[in-house]
Amino acid sequence: RIAPPVFGLGLLEAVPEETLLALADPDDRDGDGISGRPNRAWDVVEGRQRIGRFGWKASAPTLLQQSAGAYADDMGVTSPYFPGTDDPPDIDAETVETVTFYVQTLAVPARTAWTDPTVRAGEAIFHGIGCGSCHVETLETGDHPVRAVAFQTIHPYTDLLLHDMGPGLADGRPDFQASGSEWRTAPLWGLGLTRTILPQGTFLHDGRARTIEEAILWHGGEAEASKEAFRTMSKEEREALLAFLRSL
């Protein structure tokens, strides 16, 4: 798996659990073919299950746990949150908390060309073919210890829920309540800067998609209808939709 972007995560952490539960429709009661559901992961600090929201399968409920888990799993660095067999751990709690605060406060890049007519047309297509059913444009944050991210209107283009994306993207690796074919909806804000920051940057959980177009065409499962709409639309419509995505 490749590392996802780390900006705006404090804002996503501040979205109330009630908002995510209201977006969920695990039994597809509205019949739109979309059945997002939250992952419920173990909170190592509180010692209970909570709604997960970070990681490719929403397997971390907080940024503190995501940061401590990255230290442990990606770098082999132990901490009081994931001590392993080290006594004392490699780093202390204050180090993890400081890094967590840094990630919580990384700002989201501003959109570009959002008034361009082609971009506006692409935005209408995006919603018209159902992409916004999972990539929810607007969320409201609630209370949070970091006041700068509390009570904000944000546009992350995600519902932070799990969706079955079909066999093409399945990795066969469950994570807490996420199945091997379920993935958390990836936020789209900042998408257009991927190649600016990393010219050889790729997309999807394992980097298999070399372009945004390829990433869309790998969608299946709950996103099959939207993928097919993209595949069969006119060249002009596809270019407008991609212009919109690159403006985020």
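Refer to the preceding data block for the structure.
Reading guide: rules and limits
Residues numbered from 1 in each chain as written. Predicted model: local features only at pLDDT ≥ 70, side-chain atom pairs only at ≥ 80, totals over all residues. Heavy atoms only, no water. Helix = DSSP H or I, 4+ residues; strand = E, 2+ residues; numbered from the N terminus. Pairing = 2+ DSSP bridges. Salt bridge = Lys/Arg side-chain N within 4 Å of Asp/Glu carboxyl O. Contact = heavy atoms within 4.5 Å. Core = buried A, V, L, I, M, F, W, Y, C linked by side-chain atoms within 4.5 Å. Buried < 20%, exposed > 50% of the residue type's maximum accessible area, 1.4 Å probe, protein only.

S.K.: I'd like a description of unusual backbone geometry, backed by residues and values.
M.R.: Note on backbone geometry: most residues besides glycine have negative phi, and most peptide bonds are trans. Cis rather than trans, the peptide bond between Asp87 and Pro88 has omega equal to 5°. If you check the backbone angles, Asp28 has positive phi at about 50° while not being a glycine. Take Asp28: it is sitting in the loop between helix H2 (17–23) and strand S1 (40–43). In this structure, Leu204 takes a positive phi of about 75° despite not being glycine. On the secondary structure map, Leu204 appears in the loop between helix H6 (194–197) and helix H7 (212–217).

S.K.: Before we move on, can you summarise the pairing of strand S2 (residues 48–51) with the specific residues and values?
M.R.: Pairing between S1 and S2: four bridges, direction antiparallel. Within S2, the residue paired with Asp43 across the bridge is Arg48. The hairpin turn running from S1 into S2, its antiparallel successor, is four residues long, and Gly47 in that turn takes a positive phi close to 65°.

S.K.: Summarise the pattern of salt bridges; cite the residues concerned and give the values.
M.R.: What the rule picks out here adds up to twelve salt bridges. The shortest N-O distance in the salt bridge between Asp206 and Arg208 comes to 2.9 Å. With a shortest N-O distance of 2.5 Å, Glu214 and Arg210 are connected by a salt bridge. A cluster of three or more residues bridged by salt bridges with shared partners is formed by Glu17, Asp43, Glu46, Arg48 and Arg50.

S.K.: Describe the side chain of Ser226, and please don't skip the residues or the numbers.
M.R.: Within the element layout of this structure, Ser226 appears in helix H8 (residues 224–232). Filtering out sequence-adjacent residues up to four positions away, Ser226 remains in contact with Ile129, Gly130 and Cys131.

S.K.: How would you sum up the nonpolar core? Please name residues and give values.
M.R.: The nonpolar side chains of soluble globular proteins are, as a tendency, buried together. One finds Phe126, Leu188, Ile212, Leu241, Phe244 and Leu245 to be the most contacted residues of the largest nonpolar core, which totals 28 residues. Of all elements in the fold, only helix H5 (117–128), H7 and helix H9 (235–247) reach the threshold of two or more residues within this core. The element that contributes the greatest number of residues to this core is H9, accounting for six residues. Leave out the neighbours within four places in its chain, and Leu245 touches Phe126, Leu188, Leu191, Gly192, Ile212 and Ile216.

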